[in-house]
Amino acid sequence: FSPDTDPLAFETGGPYGVSLQFLHDFIEEHNISDTMTTAEVVEKIVKPQTAETKETYVKAKLWKTHPEYFVDLRKEVREREFLKRYAERGEEYGTGWFGSGELSIVDKYYVGFLSHAWLMPFKKLVEIAYQAPGTHYGRWSQLAPSHALGPRVFYWIDIFCKNQHVPAPAMDEFFQAIEAPGRVVAAMWPSRPVALSRVWCLYELWTSLHRN
């Protein structure tokens with residue numbers, strides 16, 4: 001696919017998925033408290049650490065030094081679309097070419113779009129991220145570094161995967177980030193979830209339902 005004709009081409013900076021291992025290590029490295037909100041994480045950590053380059057956190061901090069912390073979903077979606085097109089051609093001509101055993105990252109690992117409200121504690125968001133794949137890790141105090149699980153679970157999270165120096169979010173960018181992994185995890189907290197009163201969270205939920 002060329003950049004001019006590729007319908008799956010995305011803006012520079014995403015979509016990427018960051019791993020559970022990264023989220024665990026990020027909390028440990030910055031000594032994030034139980035009450036620190038995601039909004040505070042953005043203002044106190046993410047924005048200052050990306051101020052010089054004005055890029056996403058993934059591009060500015062992880063791209064060259066920690067490739068194990070993230071996955072580029074653009075490449076995987078292109079490969080999946082490529083295989084799908086050839087599978088259709090194989091069925092048409094009876095070649096049976098598709099099914100070589102090669103799986104994309106969204107098939108080999110757990111990858112999802114994490115929808116959340118910035119007003120919730122960041123640690124609570126990460127707890128939900130751990131629990132979503134059915135790992136039952138429980139509260140943060142019980143979470144281990146998760147050597148078996150951490151490198152195999154990835155989430156698109158806006159504060160790391162979207163440029164926080166751009167004043168207004170682009171709807172197409174969110175739409176594409178939801179489409180790429182094909183799975184949405186909605187972080188609902190507390191008992192009357194803040195997310196259900198936030199317009200961007202509602203848009204993300206509507207998009208996920210609209211696109212099945």
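Cut-offs and rules
- Residues numbered from 1 in each chain as written.
- Predicted model: local features only at pLDDT ≥ 70, side-chain atom pairs only at ≥ 80, totals over all residues.
- Heavy atoms only, no water.
- Core = buried A, V, L, I, M, F, W, Y, C linked by side-chain atoms within 4.5 Å.
- Buried < 20%, exposed > 50% of the residue type's maximum accessible area, 1.4 Å probe, protein only.
- Helix = DSSP H or I, 4+ residues; strand = E, 2+ residues; numbered from the N terminus.
- Contact = heavy atoms within 4.5 Å.
- pLDDT = per-residue confidence, 0-100.

What follows concerns the nonpolar core. As a rule of thumb, nonpolar side chains are buried together in soluble globular proteins. If you look at the biggest cluster of nonpolar residues, it comprises 41 residues, and the most contacted ones within it are Val-18, Leu-23, Phe-122 and Phe-160. For this core, the leading source of residues is helix H6 (residues 122-131), giving 6 residues. With residues up to four places along the chain from it excluded, the contact list for Phe-122 reads Leu-23, Phe-26, Ile-27, Ile-32, Met-36, Thr-37, Thr-38, Val-41, Ile-159 and Phe-160. Val-71, Leu-73, Val-111 and Phe-154 belong to the second-largest nonpolar core, a separate cluster that totals 5 residues.

Quick look at the confidence of the model for the protein now. Taken residue by residue, the protein gives an average pLDDT of 77. The fraction at 70 or more is 67%. By mean pLDDT, helix H4 (residues 73-93) is the weakest element of the protein at 59, and helix H2 (residues 38-50) is the strongest at 97. Below a pLDDT of 50 lies the segment residues 89-100, which in the model reaches 6 contacts outside its immediate sequence neighbourhood of four places, other chains included. Counted against residues more than four places away or in other chains, residues 136-147, with its pLDDT under 50, gives 28 contacts.

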